[in-house]
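Each chain is listed here by its residues.
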Amino acid sequence: KKFPSKYIYEPWKAPKHVQEKAGCIIGKDYPKPIIDDHTATSKENMRKIGDAYKANKSDGTAKPQPEKTKRPAEGTPAAERAQKAVKAS
C-alpha cells in the first residue's frame, strides 16, 4: 500500500530506504524475483515460441485444433433448442 507507484510493478528495484519507508523489505516481507534478468528471459522465451511456431507451420504435420463454440445464454430459445437436441441424442 505504501510503495510509490513508480515501483509497484517491480518493487525489488526500489532503493532500500524506500522499501524501509514503505515497511516492505524485498526478500523479507515480499519475495525476491524468481529470475534475475526478466528482459533477457522474456526475449529468450519469445524466440523459443517463434521457433516452435515456424517449425509447426513448416513441416505440415500439425493437427488443427477444434474450434471452440460458445454455449447459448441460458433461458434463450437457442439454449432451449440445444437442450432438446442433447436430450434427443
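Above this text is the structure in question.
Now for a description of the structure that goes with this document. (Residues numbered from 1 in each chain as written. Predicted model: local features only at pLDDT ≥ 70, side-chain atom pairs only at ≥ 80, totals over all residues. Heavy atoms only, no water.)

## Section: the pattern of salt bridges
Pairing between side chains of opposite charge can happen when the charged atoms of each approach one another.
For step 1, the next point in the chain: Tallied over the full model, the rule gives 3 salt bridges.
For step 2, the next point in the chain: The partner of E10 in a salt bridge is K13, and the shortest N-O contact between them spans 3.2 Å.
For step 3, the next point in the chain: With relative accessibility at 34%, the residue E10 sits in the partly exposed group.
For step 4, the next point in the chain: According to the relative accessible area criterion, K13 is exposed, its value standing at 51%.
For step 5, the next point in the chain: The salt bridge partner of R47 is D51, with a shortest N-O separation of 2.5 Å. A residue pair is termed a helical-turn pair when its members lie 3 or 4 positions apart in one helix, as R47 and D51 do in helix 2 (residues 38–59) at 4 residues.
For step 6, the next point in the chain: With relative accessibility at 41%, the residue R47 sits in the partly exposed group.
For step 7, the next point in the chain: Within this structure, E44, R47 and D51 form a network of salt bridges that share partners. (Salt bridge = Lys/Arg side-chain N within 4 Å of Asp/Glu carboxyl O. Buried < 20%, exposed > 50% of the residue type's maximum accessible area, 1.4 Å probe, protein only. Helix = DSSP H or I, 4+ residues; strand = E, 2+ residues; numbered from the N terminus.)

## What about the nonpolar core?
For step 1, the next point in the chain: F3, Y7, A14, V18, A22 and C24 together form the largest nonpolar core, which totals 6 residues.
For step 2, the next point in the chain: Excluding residues within four positions of it along the chain, Y7 makes contact with K13, A14, P15 and V18. (Core = buried A, V, L, I, M, F, W, Y, C linked by side-chain atoms within 4.5 Å. Contact = heavy atoms within 4.5 Å.)

## Topic: the environment of K21
For step 1, the next point in the chain: Looking at where K21 falls in the secondary structure, it is placed in helix 1 (residues 16–22).
For step 2, the next point in the chain: Taking relative accessible area as the criterion, K21 reaches 74% and is therefore assigned exposed.
For step 3, the next point in the chain: In sequence terms K21 and F3 are 18 residues apart; their C-alpha atoms lie 8.3 Å from each other.

Treat this as a map of the structure, not an account of what it does.
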